[in-house]
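Below, each chain spelled out in residue letters.
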Amino acid sequence: MTISRRTILRAGTAGLAAGLFAPLMPRRSWAATTLSLGSARIDTLSDGNLVLPMSFVTDHEGAGAVMAEFGLSGDAVEPPCNVTLLRDGTNTVLFDVGSGHDFMPTAGKLAEAMDALGVTAQEITHVVFTHAHPDHLWGLLDEFDEPIFADATFMIGKAEWDYWMDPATVDTIGTERQSFAVGAQRRLSVLEDRIVTFGDGEEIIPGVAARATFGHTPGHMAYEIRNGSDACMVLGDCIGNHHLAFARPDWMSGSDQDPDMGIATRVKLLDQLAAEQMRIVGFHLPDGGLGRVERAGDAYRFVAEGA
Ligand SMILES: [Zn+2]
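The rules we used
Residues numbered from 1 in each chain as written. Predicted model: local features only at pLDDT ≥ 70, side-chain atom pairs only at ≥ 80, totals over all residues. Heavy atoms only, no water. Donors = N, O, S within 2.8 Å, 3.2 Å for Na, K, Ca; no water. Tetrahedral: all angles 85-135°; square planar, octahedral: opposite > 155°, others 65-115°. Helix = DSSP H or I, 4+ residues; strand = E, 2+ residues; numbered from the N terminus. Buried < 20%, exposed > 50% of the residue type's maximum accessible area, 1.4 Å probe, protein only. Expected span 1.5 Å × (residues − 1). Contact = heavy atoms within 4.5 Å. Phe/Tyr/Trp six-rings, centres within 6.5 Å; stacked < 30°, edge-to-face > 60°. Lys NZ or Arg CZ within 6 Å of the ring centre and 35° of its normal. Lys, Arg positive; Asp, Glu negative; His and termini not counted. Salt bridge = Lys/Arg side-chain N within 4 Å of Asp/Glu carboxyl O. Polar contact = N/O pair within 3.5 Å; in protein donor to acceptor, adjacent residues only side chain to side chain.

A closer look at the coordination of the zinc ion
Right, on to step 1. Around the zinc ion, the protein contributes the donor atoms Asp 135 (OD), His 136 (NE2), Asp 237 (OD) and His 284 (NE2), which lie 2.0 to 2.1 Å from the metal centre.
Right, on to step 2. Coordination at the zinc ion comes from 4 donor atoms whose angles at the metal span 83 to 170°, giving a geometry best classed as irregular.
Right, on to step 3. Each donor residue of the zinc ion belongs to the same chain, and together they define the spacing D-H-x100-D-x46-H. On the criterion of sequence distance, the pair formed by Asp 135 in helix H4 (residues 134–137) and His 284 in the loop between strand E16 (279–282) and strand E17 (290–296) is long-range, its members being 149 residues apart. A single burial state applies to Asp 135 and to His 284, both of which are buried.

This is the structure:
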């Protein structure tokens, strides 16, 4: 198993003579980090980043001191968004689809990242959702409300599907997340006739097994990818940042819909990942999201391996 150094992909400058006109062009770049896993290849593609109030992460009174240890301060955080692409020679699988264009101006860059990597939407055979929050789902549809990944099989955990498709959810979720419920239902409804649902532990694609990691949302799933003797876990948001989630995993996270269940899931998973030294991809972890979990005192730390 090897992880390449982070590759900076540039798009839109091909064909320019020795960069002559480059200063006049918008200089945009997209980052991808690559992990070879047996005969398969995993790339994490940047969908951009979010800008969130600190209260969305935690309102714990000790949070400022912990965040300062990570060089972070202030009222806002800007977590990156890493969409995982798995190519095993047979299947080309996207884990989540990013934010699309109507969530935050700083996110929704997946199409550009795929362009830069040379992967087309038509090549995607499967789209697998970790959960249905906006930054993971809202990139689903094009401007005609058709799925961008037109030929893909779409897959989501059954509990997650049932929760967001329940007409009562918009009333029970709370005003802060009401737009999440409306947005999820509108988009998932487009998939109603073709969605494939599954439960905990199921091998949903050869070499990809679902792992129930409820709490962040009621039906959140992580995915264990195995190829030969190598393994990697696509976490989604069950371990949602590189600071508090590792250093204080037993603190409630404002981003978890069921904070107590989120804690139980996080604590158990961190313990396992540290013990097994399994590679992870975190949707909101830094440096492309690839790395592993190490014990640090009575808690943990994220060791990035993609940077
Ligand atoms: Zn997220």
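Focus: helix H7 (residues 178–190)
Right, on to step 1. In this model, H7 (13 residues) spans 19 Å end to end at C-alpha, consistent with the 18 Å of a helix rising 1.5 Å per residue.
Right, on to step 2. Considered for burial, the residues of H7 that qualify are Phe 180, Ala 181, Gly 183, Ala 184, Arg 187 and Leu 188.
Right, on to step 3. The inward-facing, buried residues of H7 contact H4, strand E10 (153–157), helix H5 (158–165) and helix H6 (169–172).

Examining the packing of aromatic side chains
Right, on to step 1. Counted under the stated rule, the structure contains 6 aromatic pairs.
Right, on to step 2. Ring centres of Phe 103 and Phe 180 lie 6.4 Å apart, and the angle between their planes is 75°; this geometry places the pair in the edge-to-face category. Placement of Phe 103 in the loop between strand E8 (92–95) and helix H3 (110–117) and of Phe 180 in helix H7 is noted, with a sequence separation of 77 residues between them.
Right, on to step 3. On the basis of an interplanar angle of 70° and a centroid distance of 6.1 Å, the ring pair of Phe 198 and Tyr 223 is categorised as edge-to-face. Taken together, the residues Phe 198 in strand E11 (residues 196–198) and Tyr 223 in strand E14 (residues 221–227) connect sequence positions 25 residues apart. An identical accessibility class is assigned to Phe 198 and Tyr 223; each is buried.
Right, on to step 4. Here the aromatic cluster, defined as three or more aromatic residues joined through ring pairs, consists of Phe 95, Phe 198 and Tyr 223.
Right, on to step 5. Sitting above the plane of the Trp 138 ring, Arg 187 keeps its charged end 4.3 Å from the centroid.

A word on H5
Right, on to step 1. Of the positions making up H5, those classed as buried are Glu 160, Trp 161, Tyr 163, Trp 164 and Met 165.
Right, on to step 2. Its buried side turned inward, H5 meets E10, H6, H7 and E11.

Re unusual backbone geometry
Right, on to step 1. At Asp 145, a residue that is not glycine, the phi angle is positive and equals roughly 60°.
Right, on to step 2. As for its placement among the helices and strands, Asp 145 is situated in the loop between H4 and E10.
Right, on to step 3. Classification of Asp 145 by relative accessible area gives partly exposed; the value is 36%.
Right, on to step 4. With a phi angle near 55°, Asp 287 is a residue other than glycine that sits in the positive phi range.
Right, on to step 5. Tracing the backbone through its elements, the reader meets Asp 287 in the loop between E16 and E17.

Some points on the side chain of Asp 135
Right, on to step 1. Comment: no salt bridge for buried Asp 135; closest opposite-charge side chain is Arg 177, at 9.4 Å.
Right, on to step 2. Within polar-contact distance, the side chain of Asp 135 engages the side chain of His 136 at 3.1 Å.

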